[in-house]
Amino acid sequence: MGRKQPSESLDKAIEHMFSKTKDLRRQLRKAVVDHVSDSFLETNVPLLVLVEAARTGNEKEVEEYALVFTEHANKLVEVANLACTMSNNEDGVKMVRFASAQIEQLCPQVINAARILAARPKSKVTAENMDAFKAAWENQVRILTDAVDDITTIDDFLAVSESHILEDVKTCVRAINEGDPDTLDRIAGAIRGRSSRVCHVVAAEMDNYEPCVYTDRVLEAVKVLRDQGLFLQKLETTRPDGTFLENSGF
């Protein structure tokens, strides 16, 4: 009997530690997904402002936006590599790391193309060169995004996205009540972006299943969610009294 009690206590301690470790890993996984959800939202914005500055020949702005673009690229790579640490999908992790390396290599090339265009904004050759690097960057970001989505648990992604969207909806309601159109426009745009990401991820997940009633229902739900973008555009043009702004198209 004297040996049984310590053994039982040890078993309970091990079981408790296992439970806590499992819970900690789940929390870490959700934290990583939270980073993925934020970092891979509206990934084209830093590129678009850089290209626009280059096309207008504003070399000073190009240098400023180049820093923002570099920071954005570094963030994508950092979050992608972080997602790799929480995944057991070896092939998926290899794809993410390869795509991340491509992003790192392409980033300075895109910036150089912008600098060349800014120096010669009226040149057709420099404009075409910029367009080529812009397309290459957009394609590589899509590849990285899809690769990260493949190693991310969809349940965690949907839970995190839902939480952010619900908080954003509350912020939109406050903005309408307070007559704050800037906040309304910004947050409504974030909701559209998150909704679009959810649609993309879920639609891609359905590709892994044979077509059936279940996949048909899910894809129908995706269509409904995509259609909500029209509602959000309408929401952005609404005054606090419920009327619409002029020339809003509604």
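Quick caveat, the model's predicted, so the values are computed rather than measured.

About the cut-offs
- Residues numbered from 1 in each chain as written.
- Predicted model: local features only at pLDDT ≥ 70, side-chain atom pairs only at ≥ 80, totals over all residues.
- Heavy atoms only, no water.
- Helix = DSSP H or I, 4+ residues; strand = E, 2+ residues; numbered from the N terminus.
- Buried < 20%, exposed > 50% of the residue type's maximum accessible area, 1.4 Å probe, protein only.
- Areas by Shrake-Rupley, 256 points an atom, 1.4 Å probe, with all protein chains shown as cover.
- pLDDT = per-residue confidence, 0-100.
- Contact = heavy atoms within 4.5 Å.
- Core = buried A, V, L, I, M, F, W, Y, C linked by side-chain atoms within 4.5 Å.
- Salt bridge = Lys/Arg side-chain N within 4 Å of Asp/Glu carboxyl O.
- Phe/Tyr/Trp six-rings, centres within 6.5 Å; stacked < 30°, edge-to-face > 60°.
- Expected span 1.5 Å × (residues − 1).
- Polar contact = N/O pair within 3.5 Å; in protein donor to acceptor, adjacent residues only side chain to side chain.
- Axes fitted to C-alpha atoms, helices over the stretch in contact; angles between N-to-C directions.
- Parallel < 35°, antiparallel > 145°, perpendicular 65-115°, else oblique.

A few words on the overall build of the protein. Each helix and strand in the protein was counted, giving 8 helices and 0 strands. When the helices and strands of the protein are placed in sequence order, the string is α-α-α-α-α-α-α-α. A burial count over the protein gives 37% of its 250 residues as buried. Of the roughly 15600 Å² of accessible surface on the protein, 53% is carried by carbon and sulfur atoms.

Of the residues in the protein, 82% have a pLDDT of 70 or more, and the chain-wide mean is 83. At the level of individual helices and strands, the protein shows its lowest average pLDDT in helix α1 (residues 4-39), which scores 69, and its highest in helix α4 (residues 90-119), which scores 95. A low-confidence stretch, residues 238-250 (pLDDT under 50), is modelled with 19 contacts involving residues beyond four sequence positions or located in other chains.

Glancing now at the nonpolar core. Formed by 37 residues in total, the largest nonpolar core has its most connected members in Val 110, Trp 137 and Leu 144. Breaking this core down by element, the ones donating at least two residues are α2 (45-55), α3 (59-85), α4 and α5 (124-151). The element contributing the most residues to this core is α4, with 12 residues. Leave out the neighbours within four places in its chain, and Leu 144 touches Phe 40, Leu 76, Ala 80, Val 96, Ala 99, Ser 100 and Ile 103. With 10 residues, the next largest nonpolar core counts Phe 157, Val 160, Val 198 and Val 218 among its residues.

Using the criterion set out here, one finds 6 salt bridges in the structure. A salt bridge links Arg 55 to Asp 131; its shortest N-O distance comes to 2.6 Å. Within this pair, whereas Arg 55 is found in helix α2, its partner Asp 131 is found in helix α5, the two being separated by 76 residues in sequence. For the salt bridge of Glu 63 with Arg 115, the shortest nitrogen-to-oxygen distance reads 2.9 Å. With Glu 63 in helix α3 and Arg 115 in helix α4, this residue pair connects regions lying 52 residues apart in the sequence. Under the relative-accessibility criterion, Glu 63 is labelled partly exposed at 35%. When its relative accessible area of 36% is taken as the criterion, Arg 115 is described as partly exposed.

Let us now look at the packing of aromatic side chains. Across all of its chains, the model carries 2 aromatic pairs by this definition. Seen from their ring centres, Tyr 209 and Tyr 214 are 6.0 Å apart, and the 70° between their planes marks the pair as edge-to-face. Given the relative accessible area of 41%, Tyr 209 is considered partly exposed.

Quick look at α5 now. Along its 28 residues, α5 runs 41 Å from first to last C-alpha, staying within 8% of the 40 Å computed at 1.5 Å per residue. The distance from a side-chain oxygen at the start of α5 to the backbone nitrogen of Val 125 is 3.4 Å, and the residue carrying that oxygen is Ser 123.

On to the environment of Asp 180, then. When you line up the elements, Asp 180 lands in the loop between α6 (154-178) and α7 (181-206). Within polar-contact distance, the side chain of Asp 180 engages the side chain of Thr 183 at 2.6 Å.

Okay, the packing of α2 against α4 next. Where α2 meets α4, the axes come as close as 7 Å, and the angle between the chain directions of the two elements is 25°. Taken together, the axis directions place α2 and α4 in an arrangement best described as roughly parallel. Contacts from Leu 47, Leu 50, Ala 54 and Arg 55 of α2 reach α4 at Val 110, Ile 111, Ala 114, Leu 117 and Ala 118.

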